[in-house]
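Structure at a glance
Listed below are the residues making up each chain.
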Amino acid sequence: MIKDYFSLASNNLKKRGLRSWLTLLGILIGVAAVVSLISLGNGLKDAVNSQFNVGSTQVLTVQAGGLNNLGPPGSGAVNPLLQSDTDAIGRLGGVEVAISRDVRGLKIDFNKKAVFTYGISIPDNQREANYVYQFADVKTISGKLIGQGDRSSVVLGNNFIDGTKNGFDKDIKVGDILVINGKNFKVQGILEKKGSFIYDNAIYMNEVDMKNLLGYGNVVDEIAVKVTDKSLINQTATEIEKLMRQRRNVKVGEEDFTVSTPAALLSTVNSVINGVQVFIIIIASISILVGAIGISNTMTTSVLERKREIGIMKAIGARNEQIFYQFLIESGLLGLAGGIIGILLGSGLGYLGTFVLNTFLGASTQPQINFLLLFSVATGSFLIGVISGLVPAIHASRESPVEDIRG
Amino acid sequence: MTTIIELRDVWKIYNEGEENQVIALNNINLHVKKGDFIAIMGPSGSGKSTAMNLVGSLDIPTRGKIFLDQHNISHLSESDLAQVRGRRIGFIFQQFNLIPNLTAKENVMLPMMFQGVDEIKREQKAETLLKMIELGNRMDHYPSELSGGQQQRVAIARALANDPEVILADEPTGNLDTHTGQIVMKFLNELNDKGKTIIIVTHDPNLATEHAKKIYWIKDGQIEKVTEKLKGKWKTLKK
């Protein structure tokens, strides 16, 4: 019997083709937004977090000028950090090591083509260099990393290997010579793929080479500070702020520098993403609500139009509840159809979004399609349809055969 | 012959006690015996349609009792009445009243669906009935693809779907040309010959006298007279 209701209901919906399609549009858009958001949602967070490498929980970052490390920092600061700041921070209790980091734009010539990218400095001190590699969690797939005393040689991010993508129309391998800002550098190593556009597109060179090449003296873009223990991170951050206020002669609240903890960075990034998600969910909810009202409206119209049909069915033996279920299932099917198409569209958008993230941000995230969740969404859509159709179905079931049949 | 349907002292009053009160039926008594061919005759507004609704258990009386096989059905709920008429009474309407979204076969299957008959049996029965009314080649056509006469024959097949004792036809030839109307009436006569009880509601005295065995003449909500055909001659039973 239930199968018969479904077949009668789908028959009716098919006959009212265009109207059915227009009716399920609201649910469809809402569900598509929710599903794409979910399938992309955590992927997006992972991608963004991995881009900024906020994985290391023991590392603080100090920057000048209120800039943060979301882009090549430092050069724009009015009152830049200096090597002496790094040394002073390094002497604080609770600090295991403080390392100056420089990130600077570079021009690379190779195979008669020029590409602009940025270089990341590696300290000319093997202990500090090892820390930098540890913070960034990088390894080579060929050649070796830049170490103490290495000169005129560079290590390349993974994206430089492929000639079709690196902008030089030629694969680069260990041993190749690149001209960087007019000076020859030998490729000493190539890094493993990190899935982060910052690391995969960067050039790593000894800080001595970088200073000589660009002549920025004792200015430091960023100071990476590793604390001796995770639990000390906030306390150390406060002490660094105090020290820096003294050294830069600024009052509390007027800081022209920032000390970011990984947790703060993570929460900033995540709160932006959460804000976007909440916004999309609100829009999706409104869309679903409008969709539900649309279904209710369509079903009410349908009951009015089909009074005669209802009368006939009652005359030939349909009980009130049989009419009720038929209309209810019809309305549920409208919701379900909107839900299923929305799921397909939303999943498609999720895949597309992931593809865009991976292609343009160099991330390596996967769409998160949870089948239990999709099943719940489909069931939910059906239920929204059912609830929307409740009142019209009750009206339909109460129609009097006598009044309707002569029409 | 056993009585199938009986209306005993039946009144149907609309808006009772209000200014616009309408007495549609005024103390009607009516007997339908098994195997009868009855016509309820009357001009427009006479109350014959109201009488048909009560006979067909589409409605319940304001006062009085209706018996179906000696069971009083005057106070049944709408759903219970639906079950009763679905099983016991087959309807044929002037407007054919087929469901436009369903094919001829699906229309015939519908009353069986409401009685919970399984799909295979429904399909077999519908096919048999459509072949019987010579529409075996039109089973998958939609009502809009059928002529008026063909639609009315599908309606007859639908009325027979649950094998009811009574066929109730409301102006069955009203929307058909004379020839097609005759074909439809021929089917009803054949069904009567096979033992089905037929009740037609009509305003056409020729149709009533030509086919029925007993005629209830209704006027202004009352039975004006009852005539019966005995040995080929009409005899007034009651005035």
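The shown structure was predicted, so the numbers you read here are calculated from the model rather than taken from an experiment. Sequence order sets the numbering: in each chain, residues are counted from 1 along the sequence as written. Following the order in which they are written, the chains are lettered starting with A and the ligands numbered starting with 1. Where totals are concerned, whole chains, interfaces and linings use all residues; where local detail is concerned, this predicted model gives features only for residues with pLDDT of at least 70, and gives and counts side-chain atom pairs only at 80 or more.

**Quick notes on the overall build of chain B**
Cut-off, in case you're wondering: Helix numbering and strand numbering both begin at the N terminus, where a helix is a DSSP run of H or I of at least 4 residues and a strand a DSSP run of E of at least 2. For the radius of gyration, the atom set is restricted to C-alpha positions; the globular benchmark scales as 2.2 Å times the number of residues to the power 0.38. A residue is called partly exposed when the number of other C-beta atoms within 10 Å of its own lies between 12 and 20, exposed at 12 or fewer, and buried at 20 or more, with C-beta atoms placed from the backbone. By the convention adopted here, residues are in contact when the distance between their C-beta atoms, placed from the backbone, does not exceed 7 Å.
On a plain count of helices and strands, chain B comes out with seven helices and eleven strands. Taking 2.2 N^0.38 as the reference for a compact globule, 239 residues should give roughly 18 Å; the C-alpha atoms of chain B span a radius of gyration of 18 Å, in line with that estimate. With respect to the principal axes defined by its C-alpha atoms, chain B has extents near 50 × 40 × 35 Å. Looking at chain B as a whole, 47% of its 239 residues are labelled buried. Put simply, 67% of the contacts in chain B that link residues at least 6 apart link residues at least 24 apart.

**Concerning the packing of helix α8 (residues 262–305) of chain A against helix α11 (residues 371–398) of chain A**
Residues and elements named next belong to chain A. Let me state the cut-off plainly: Fitting a line to C-alpha atoms yields each axis, with helices limited to the stretch in contact; the angle taken between N-to-C directions then spans 0 to 180 degrees. By definition in this entry, angles of less than 35 degrees are roughly parallel, angles greater than 145 are roughly antiparallel, angles of 65 to 115 are roughly perpendicular, and the rest are oblique. Take the far helix as your reference; a near helix turned counterclockwise from it by less than a right angle gives a left-handed crossing, and one turned clockwise gives a right-handed crossing. Residue polarity follows a fixed list, in which Ala, Val, Leu, Ile, Met, Phe, Trp, Tyr, Cys and Pro are nonpolar, Asp, Glu, Lys and Arg are charged, and the others, Gly among them, are polar.
At a minimum axis separation of 8 Å, α8 and α11 run at an interaxial angle of 25°. Viewed along their axes, α8 and α11 adopt a mutual orientation that is roughly parallel. In this structure, the crossing between α8 and α11 has a hand that is right-handed. The residues of α11 that touch α8, namely those facing Ile-288, Ala-292, Ile-295, Ser-296, Met-299, Thr-300 and Val-303, are Ile-384, Gly-385, Ser-388, Gly-389, Val-391, Pro-392, His-395 and Ala-396. Its residues assigned to classes, the contact of α8 with α11 comprises nine nonpolar, six polar and no charged.

**Some words on helix α6 (residues 207–214) of chain A**
Residue and element names in this part refer to chain A. The condition is simple: Directions drawn from the helix axis to the C-beta atoms are what define this arc.
Considered for burial, the residues of α6 that qualify are Glu-207, Asp-209 and Met-210. Taken around the axis of α6, the buried residues stretch over an arc of 155°, which confines them to a single face. Where the residues of α6 are buried, they touch β4 (103–110), β5 (113–122) and β10 (203–206). Count one or two residues on from α6 and you reach Gly-215, which has phi positive near 60°.

**What to know about the environment of Phe-160 of chain A**
Residues and elements named next belong to chain A. Note on placement: Phe-160 falls in the loop between β7 (153–156) and β8 (177–180). Each C-alpha atom of the pair Phe-160 and Leu-352 lies 25 Å from the other, and the pair is 192 residues apart in sequence. For Phe-160, the residues in contact, after removing those within four places along its chain, are Asn-166 and Ile-172.

**Quick word on the sheet that holds strand β5 (residues 71–72) of chain B**
Residue and element names in this part refer to chain B. Cut-off, in case you're wondering: Strands were regarded as paired on the criterion that DSSP finds at least two bridges between them.
Pairing within the open sheet is antiparallel, and its four strands lie in the order β2-β1-β4-β5. Sheet topology places β2 (22–33) and β5 at the edges, where each strand pairs with a single neighbour. Sheet topology places strand β1 (residues 3–14) next to strand β4 (residues 63–68); five bridges connect them, and they run antiparallel. Among the inter-strand pairings, Arg-8 is bridged to a residue of β4, identified as Lys-65.

**Re the interface of chain A and chain B**
With 19 residues of chain A in contact, the opposing surface of chain B contributes 23 residues. Of all the secondary structure elements, the ones that give two or more residues to the side of chain A that touches chain B are α1 (2–15), α9 (307–315), α10 (320–360) and α12 (401–405) of chain A. Residues belonging to the side of chain A that touches chain B are distributed by class as follows: eight nonpolar, five polar and six charged.

**Topic: the environment of Ile-293 of chain A**
Residues and elements named next belong to chain A. Take Ile-293: it is sitting in helix α8. By the C-beta count within 10 Å, which is 12 here, Ile-293 ends up exposed. Between the C-alpha atom of Ile-293 and that of Ile-316, which follows or precedes it by 23 residues, the distance is 32 Å.

**Digging into the sheet that holds strand β12 (residues 222–227) of chain A**
Hydrogen bonds between backbone groups are what pair the strands of a sheet, and the pairing can be parallel or antiparallel. Residues and elements named next belong to chain A. Strand order in the open sheet made by the four strands is β3-β12-β1-β13, with antiparallel pairing throughout. What marks the edges here is a single partner per strand, and that holds for β3 (95–101) and β13 (257–260). Neighbour-to-neighbour, the strand axes of the sheet open up by a mean angle of 15°, direction not taken into account. Helix α4 (residues 126–136) contacts β1 (59–64), β3 and β12 of the sheet and is inclined by roughly 90° relative to β3.

**What about the nonpolar core?**
Defined as follows: To define a nonpolar core, we join buried Ala, Val, Leu, Ile, Met, Phe, Trp, Tyr and Cys residues through C-beta atoms within 7 Å and take the resulting set.
Within the largest apolar cluster, 116 residues are counted, with the highest numbers of intra-cluster contacts made by Ile-40, Val-108, Leu-168, Ile-199 and Tyr-216 of chain B. Sort the elements by how many residues they give to this core and helix α2 (residues 17–51) of chain A lands first, with 13 residues. Apart from residues lying up to four places away in sequence, Ile-40 of chain B is in contact with Lys-48, Ala-51, Met-52, Ile-199, Val-201, Tyr-216 and Ile-218 of chain B. Counting 48 residues, the second largest nonpolar core, distinct from the first, contains Ile-122, Leu-191, Ala-237 and Val-259 of chain A.

**A word on the environment of Asn-212 of chain A**
Here Asn-212 of chain A lies in helix α6. It is 28 Å that separates the C-alpha atoms of Asn-212 of chain A and Val-59 of chain A, two residues lying 153 residues apart in sequence.

**Here we look at the pairing of β7 of chain A**
Residue and element names in this part refer to chain A. Taking every second residue as pointing to the same face, both faces of β7 are buried, with Ser-153 and Val-155 on one and Val-154 and Leu-156 on the other. Bridging between β7 and strand β9 (residues 183–191) involves four bridges; their strand directions are parallel. Note on β9: the bridge partner recorded for Val-154 is Val-187. Across three bridges, β7 lies against β10 in antiparallel orientation.

**Re the packing of helix α3 (residues 104–114) of chain B against helix α5 (residues 148–159) of chain B**
Residue and element names in this part refer to chain B. Relative orientation of the contacting elements α3 and α5 amounts to 30°, with a least axis distance of 8 Å. Of the possible angle classes, the one that applies to α3 and α5 is roughly parallel. As α3 packs across α5, the resulting crossing turns out to be right-handed. The segment α3 lies against α5, with Ala-104, Asn-107, Val-108, Leu-110 and Pro-111 engaging Val-154, Ala-157 and Arg-158.

**Details of the confidence of the model for chain A**
Going by this rule: Residue-level confidence of the predictor is summarised by pLDDT, bounded by 0 at the bottom and 100 at the top.
Mean pLDDT over chain A stands at 85; residues scoring 70 or higher make up 91%. In the model, residues 66–71 of chain A has pLDDT below 50 throughout and makes twelve contacts with residues more than four positions away in sequence or in other chains.

**Quick word on the pairing of β8 of chain A**
Every other side chain in a regular strand lies on the same face of the sheet, so the side chains alternate between the two faces. Residues and elements named next belong to chain A. Side-chain alternation along β8 places Leu-178 and Ile-180 on a buried face and Ile-177 and Val-179 on a face that remains uncovered. Sheet topology note: the β4/β8 ladder contains two bridges and is antiparallel. Within the sheet, the bridge partner assigned to Ile-108 lies in β8 and is Ile-180. Both β8 and β9 contribute to a ladder of four bridges, which runs antiparallel. Bridge pairing in β9 places Ile-180 opposite Lys-183. The antiparallel pairing of β8 with β9 creates a hairpin that spans two residues between the two strands, and Asn-181 there sits at a positive phi of about 45°.

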